[in-house]
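Now for the letters of each chain:
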Amino acid sequence: MPNPLSLDRAWIFRWSAPILALPLTGCNWVVMNPSGDIAVQQRDLILISTALMLLIVVPVMALVVFFAWRYRAANQAADKDYDPDWDHSTKLELLIWSAPLLIIICLGALTWVSTHKLDPYRPLERIDARTAIDPKVKPLTVEVVALDWKWLFIYPELGIATVNELALPVNVPVRFDITASTVMNSFYVPELAGQIYAMPGMKTQLHAVANRPVAGTGISANYSGAGFTHMRFAYRALDRAAFDAWAARVKASRASLDRNVYLTLAKPSEKAPVAYFSAVDPKLFDAVVNLCPRPGQRCMSELMHVNMMGGAGKESARDTNGLRYDFPDSHVIEQSDQNRGQETAPDAPAADGAKGASRIPGDHSSHSGADAHAQHR
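Worth saying up front: this structure is predicted, and the values here are computed from it rather than measured. (Residues numbered from 1 in each chain as written. Predicted model: local features only at pLDDT ≥ 70, side-chain atom pairs only at ≥ 80, totals over all residues. Heavy atoms only, no water.)

Asker: An account of the overall build of the protein chain is requested, with residue identities and associated values reported.
Answerer: The helix and strand inventory of the protein chain stands at eight helices and 15 strands. The contacts of the protein chain with a sequence gap of at least 6 include a subset with a gap of at least 24, amounting to 70%. When the accessible surface of the protein chain is split by element, carbon and sulfur atoms take 61% of a total near 22,000 Å². (Helix = DSSP H or I, 4+ residues; strand = E, 2+ residues; numbered from the N terminus. Contact = heavy atoms within 4.5 Å. Areas by Shrake-Rupley, 256 points an atom, 1.4 Å probe, with all protein chains shown as cover.)

Asker: Got a sec to walk through helix α2 (residues 37-70)? Specific residues and values, please.
Answerer: Compared with the 50 Å implied by 1.5 Å per residue over 34 residues, the 48 Å span of α2 between its first and last C-alpha is a close match. The largest bend in α2 amounts to roughly 35° and is located at L54. Taken as a whole, α2 has its buried residues at D37, I38, A39, V40, Q41, S49 and L52. In this structure, the buried residues of α2 make contact with α3 (90-117), β1 (126-128) and β10 (204-208). (Expected span 1.5 Å × (residues − 1). Bend = angle between axes of the 7 residues up to and from the residue. Buried < 20%, exposed > 50% of the residue type's maximum accessible area, 1.4 Å probe, protein only.)

Asker: So what about the nonpolar core? Which residues, and what values?
Answerer: Grouped together as the largest cluster of nonpolar side chains are 45 residues, with contacts concentrated most on V142, L166, F176, F187, Y235 and W246. Listed by contribution, the elements that provide at least two residues to this core are β3 (140-147), β4 (150-155), β6 (165-169), β7 (174-180), β9 (196-198), β10, β12 (232-238) and α4 (240-251). Setting aside its immediate chain neighbours within four residues, Y235 contacts L166, L168, V189, E191, L192, A210, V214, A215, G216, T217 and G218. In this structure, Y262, L263, L265 and L284 belong to the second largest nonpolar core, which totals 20 residues. (Core = buried A, V, L, I, M, F, W, Y, C linked by side-chain atoms within 4.5 Å.)

Asker: Describe the confidence of the model for the protein chain, and please don't skip the residues or the numbers.
Answerer: For any part of a model where pLDDT is low, the fine detail of the predicted coordinates should not be relied upon. Mean pLDDT over the protein chain works out to 80, with 75% of the residues at or above the 70 mark. Every residue in residues 327-347 scores below 50 in pLDDT, and together they form 63 contacts with partners more than four places removed in sequence or on other chains. Contacts for the low-pLDDT stretch residues 353-377, under 50 throughout, to residues beyond four places or in other chains number 56 contacts. (pLDDT = per-residue confidence, 0-100.)

Asker: Got a sec to walk through unusual backbone geometry? Specific residues and values, please.
Answerer: A cis amide bond links D148 to the next residue, W149, at an omega of -10°. For W149, the location among the structural elements is in the loop between β3 and β4. Even without being a glycine, N171 presents a positive backbone phi close to 65°. Mapped onto the elements, N171 comes out in the loop between β6 and β7. According to the relative accessible area criterion, N171 is partly exposed, its value standing at 39%. Of note in the backbone geometry, R254 takes a positive phi value of approximately 65° without being a glycine. Among the structural elements, R254 can be located in the loop between α4 and β13 (256-257).

Asker: Hey, could you go over the sheet that holds strand β11 (residues 214-220) for me, with residue numbers and the actual values?
Answerer: Each strand in a sheet pairs with its neighbour through backbone hydrogen bonds, running either in the same direction (parallel) or in the opposite one (antiparallel). Read from one edge to the other, the open sheet built from five strands follows the order β6-β12-β11-β8-β9, with strand pairing classed as mixed. At either end of the open sheet lies a strand with only one pairing partner, and these are β6 and β9. The sheet shows a mean angle of 25° between the axes of neighbouring strands, taken without regard to direction. Where β6 and β12 come together, five bridges link them in parallel fashion. Note that in β12 the partner of P169 across the bridge is L238. (Pairing = 2+ DSSP bridges. Axes fitted to C-alpha atoms, helices over the stretch in contact; angles between N-to-C directions.)

Asker: Explain the sheet that holds β4 residue by residue, including any values.
Answerer: Reading across from one edge, β10-β7-β3-β4-β5-β14 is the order of the six strands in this open sheet, with mixed pairing throughout. Bordering the open sheet on either side are β10 and β14 (275-277), each of which pairs with just one other strand. Averaged over all neighbouring strand pairs, the angle between strand axes comes to 20°, with direction disregarded. By the bridge criterion, seven bridges tie β3 to β7 in an arrangement that is parallel.

Asker: Run through the packing of α2 against α3, naming residues and quoting values.
Answerer: Direction vectors running N to C along α2 and α3 enclose 170°, while the axes themselves pass 9 Å from each other. One way to sum up the angle between α2 and α3 is to call them roughly antiparallel. Residues Q41, L45, I48, S49, L52, M53, L55 and I56 of α2 form the contact with α3, whose participating residues are A99, P100, I103, C106, L107, L110, S114 and K117. Across the contact of α2 with α3, the residue classes break down as 12 nonpolar, three polar and one charged. (Parallel < 35°, antiparallel > 145°, perpendicular 65-115°, else oblique. Nonpolar A, V, L, I, M, F, W, Y, C, P; charged D, E, K, R; others polar.)

Asker: Describe the state of the cysteines, with residues and values.
Answerer: Taken as a whole and judged by the stated rule, the model has one disulfide. Each sulfur of the disulfide joining C292 and C299 lies 2.0 Å from the other. As the torsion about the S-S bond is roughly 85°, the C292-C299 disulfide counts as right-handed. (Disulfide = S-S within 2.5 Å.)

Asker: Before we move on, could you go through a nonpolar patch on the surface and cite the residues and values that matter?
Answerer: Together, M53, L54, V57, V58, V60, M61 and V64 make up an exposed nonpolar region whose accessible area comes to about 620 Å². With respect to the helices, strands and loops of the structure, V57 is situated in helix α2. (Patch = residues over 30% accessible without salt bridge, like charges linked within 9 Å, V, L, I, M, F, W, Y side chains within 5 Å. Salt bridge = Lys/Arg side-chain N within 4 Å of Asp/Glu carboxyl O.)

Asker: Help me get a handle on the environment of P34, residues and values and all.
Answerer: Among the secondary structure elements, P34 is positioned in the loop between α1 (4-21) and α2. Residue class for P34 comes out buried when judged on its relative accessible area of 4%. For the pair P34 and L192, spaced 158 residues apart in sequence, the C-alpha to C-alpha distance is 6.6 Å. With sequence-adjacent residues up to four places away left out, P34 is seen in contact with A39, V40, R43, P190, E191 and R212.

Asker: Describe the pairing of β11, with residues and values.
Answerer: By the alternation rule, side chains of β11 split into V214, G216, G218 and S220, which are all buried, and A215, T217 and I219, of which none is buried. Both strand β8 (residues 185-188) and β11 contribute to a ladder of two bridges, which runs antiparallel. Residue pairing in the sheet places F187 in a bridge with S220 of β11. As judged from the six bridges shared by β11 and β12, these two strands associate in the antiparallel manner. Paired with G218 across the strands is F233, a residue of β12.

Laid out in structure tokens, this is it:
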């Protein structure tokens, strides 16, 4: 005999489930409601793929219910249809095999077209579904460096840089050049486009465009150690006037991002505040990509050129100066460094105008630079 109490609980849960799910209606389904054209096309790809798969799933689920009801034991009218020697139906075989085959063909064609159309290295051809890009328009370039555990954005054409804040003008094509200082991360702005990996010693690209003013959050979508949870940055798409005002505010910071400041900035730290730099070393990003921002290190591009030319001779076997790139003598941190809560960028004023880029209150991280670096490797 069933327990009346368990039946009451099941009934209460069944009828309260929609009420419990009601708060989810207030969530921001940013992936399904993006503000960038690339993200819109990716959303449409998700919806179309889901609809094609439901063409099979929904009829199958409906037929399961139909057959269970039609051929239940209590339905004696179905006994006359019973054929113990039945083993084949050409019509059913055609239906069972042709429908999934057509779906697979459609999904394959959709995947082939979208893979080339949404290639992150491919320059954009349109602002949105109704507006094409003028071929004479040069995209805005933003150089992205994934640090431990923060994001550095360099605007080479504007000569400025920011930490943990990305601002873009609306309806202007943007090309991101992306790399990392130590370990692999993933650059992801759900509002704008899909995620692209940031890898040390390599440069990846992403082309995107923002279609309307919006404020959102960018994240690292690839685990990279102890500070990964807070490795987020503010994303803002602004109209031209607001973007120009933002750029002017960054240029008013009077802080410069040279190699020494970068080496301090690159030390592991958590919950780094937003910081602005009004001037940037124009060769800094290339040095980060080639793993040689620290004086005395040999750049990867130089070594690849030597290899291409056939090597540097036997004497080069003893020439190891500048060839150590990993812990403890890397370009990010030295063994003697103990990053015990010092400023992330001592020469960079915080975005709110406070003196220095001090740590956010409430950040009780006790990791030293060496300990934090060792934990995420």
